[in-house]
Amino acid sequence: MRVIVVEDERKIAGFLQRGLEEEGHRVQVANDLAAGRVALEAQGCDLLLVDRMLPDGDGLELVRHLRRRRDDARVICLTARDRVEERVAGLQAGADAYLVKPFAVEELVARIEAVCRRGGGDTVEVGELRIDTASRRVTRAGREIRLTTREFDLLRYLASYPGRVLSRTRLLEAVWDTTHDPGTNTVEVYVSYLRQKVDRGFDRPLIHTVRGAGYTLEDRSR
Ligand code: CA
């Protein structure tokens, strides 16, 4: 793949370049937003790795720029801070995933594979589940699943982090935009609605409870 890395910390940029080139990618490094924009305009890319804190601004500007052009390159944001608000801002700007520094090359490679598996455009896939984020249409093994707005938002958020355990608090913040439970066990209730619709009638569940930790959406047959 053609990869553009926009990162001002030269050590990290070099580490990313070496790691990605070893994986067979063609890598171009830019050290600030302006250079990143030039690289994007000049040649485009299949994958953009962009730091949030650049000397001339927030890396998300580049992500918005890319999405305004309807460029469907995959985007992974790099950040030093792991805060829910940052992740949500990144996803809203059009990033596909987040990676929190410091990270190992193996983690980056796994994230790239996950992001690329989701395919082009606005379709997120987890196993036989397909989520079209533009039309808000969901199918499993070709069978259409009808969801309410909130159920869809919860499923899409879970699907943005396949295999990652997401806590109730984090789901509340991301999907309900609050840290206070608006009802009683709101997340549990909605997860049970989703299970009824997504997993019932299928041999293998995709929604898993991790006791004491939260929930994860994952195809464990792979
Ligand atoms: Ca930086």
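Residues numbered from 1 in each chain as written. Predicted model: local features only at pLDDT ≥ 70, side-chain atom pairs only at ≥ 80, totals over all residues. Heavy atoms only, no water.

Chemist: In this structure, what is going on with the coordination of the calcium ion? I would like to understand it.
Modeler: Geometrically, a metal with four donors at the corners of a regular tetrahedron has ideal angles of 109.5 degrees, and one with six donors at the corners of a regular octahedron has ideal angles of 90 or 180 degrees. At 2.1 to 2.4 Å from the calcium ion lie its protein donor atoms, namely Asp8 (OD), Asp51 (OD) and Met53 (O). All donors to the calcium ion come from one chain, and their sequence spacing reads D-x42-D-x1-M. Note that Asp8 is positioned in the loop between strand S1 (2–6) and helix H1 (10–22) and Met53 in strand S4 (residues 53–54), a separation of 45 residues in sequence. (Donors = N, O, S within 2.8 Å, 3.2 Å for Na, K, Ca; no water. Helix = DSSP H or I, 4+ residues; strand = E, 2+ residues; numbered from the N terminus.)

Chemist: Where do I start with the pairing of strand S12 (residues 207–210) in this structure?
Modeler: Residues in a regular strand project their side chains so that they alternate between the two faces of the sheet. With four bridges connecting them, S12 and strand S13 (residues 214–217) associate as antiparallel partners. When the bridges of S13 are listed, Ile207 appears paired with Leu217. In textbook terms, the turn of a hairpin is the stretch between consecutive antiparallel strands, and for S12 and S13 this stretch comprises three residues, one of which, Gly212, has a positive phi near 80°. (Pairing = 2+ DSSP bridges.)

Chemist: Explain the sheet that holds strand S11 (residues 143–145) to me, please; I cannot follow it from the model alone.
Modeler: Read from one edge of the open sheet, four strands run S8-S9-S10-S11, paired in antiparallel fashion. Looking at which strands have only one partner, the edges of the open sheet turn out to be strand S8 (123–126) and S11. Sheet twist, expressed as the average angle between the axes of neighbouring strands with direction ignored, equals 25°. Sheet topology places S8 next to strand S9 (residues 129–132); four bridges connect them, and they run antiparallel. Across the sheet, residue Val124 finds its bridge partner in S9, namely Ile131. Set on the sheet, helix H6 (residues 149–160) makes contact with S8, S9 and strand S10 (137–140); between it and S9 the angle comes to about 115°. (Axes fitted to C-alpha atoms, helices over the stretch in contact; angles between N-to-C directions. Contact = heavy atoms within 4.5 Å.)

Chemist: Help me out: how do you make sense of a negative patch on the surface in this one?
Modeler: A cluster of like negative charges, contributed by Glu21, Glu22, Glu23, Glu106, Glu107 and Glu113, occupies part of the molecular surface. If one sorts the elements of the negative patch by residue count, helix H5 (residues 105–117) sits on top with three residues. Tracing the sequence through the fold places Glu21 in helix H1. Using a relative accessible area of 41% as the deciding quantity, one classes Glu21 as partly exposed. (Patch = residues over 30% accessible without salt bridge, like charges linked within 9 Å, V, L, I, M, F, W, Y side chains within 5 Å. Areas by Shrake-Rupley, 256 points an atom, 1.4 Å probe, with all protein chains shown as cover. Salt bridge = Lys/Arg side-chain N within 4 Å of Asp/Glu carboxyl O. Lys, Arg positive; Asp, Glu negative; His and termini not counted. Charge placed at Lys NZ, Arg CZ, Asp CG, Glu CD. Buried < 20%, exposed > 50% of the residue type's maximum accessible area, 1.4 Å probe, protein only.)

Chemist: Looking at this model, I keep getting lost on the packing of aromatic side chains. Mind explaining?
Modeler: Each aromatic ring pair is summarised here by two numbers: the centre-to-centre distance and the angle between the ring planes. Using the criterion set out here, one finds four aromatic pairs in the structure. When the ring of Phe15 is compared with that of Phe103, the centres are 6.2 Å apart and the planes differ by 45°; the resulting orientation is tilted. Taken as a pair, Phe15 in helix H1 and Phe103 in the loop between strand S7 (97–100) and H5 lie far apart in primary sequence, 88 residues in all. Plain terms: the ring middles of Tyr190 and Tyr193 are 5.2 Å apart, the flat faces sit at 75° to each other, and that makes the pair edge-to-face. Placement of the pair is Tyr190 and Tyr193 together in helix H8 (residues 186–198), with a separation of three residues, close to one helical turn. (Phe/Tyr/Trp six-rings, centres within 6.5 Å; stacked < 30°, edge-to-face > 60°.)

Chemist: What am I meant to see in the domain arrangement of the protein chain here?
Modeler: Segmenting the protein chain into domains produces domain 1 (2–117) and domain 2 (123–217). Computed from C-alpha atoms alone, the centre-to-centre distance between domain 1 and domain 2 is 26 Å. Between domain 1 and domain 2, the residue contacts involve six residues of the former and seven residues of the latter. Taken together, the two surfaces of domain 1 and domain 2 that pack against each other cover about 670 Å², and 53% of this comes from carbon and sulfur. Considering only the surface of domain 1 that becomes buried against domain 2, Val84, Arg87 and Leu91 emerge as the three largest contributors, covering 60% of it. Along the contact surface separating domain 1 from domain 2 lie zero salt bridges. (Domains from an automatic or database assignment. Buried area = accessible area lost by both parts, 1.4 Å probe.)

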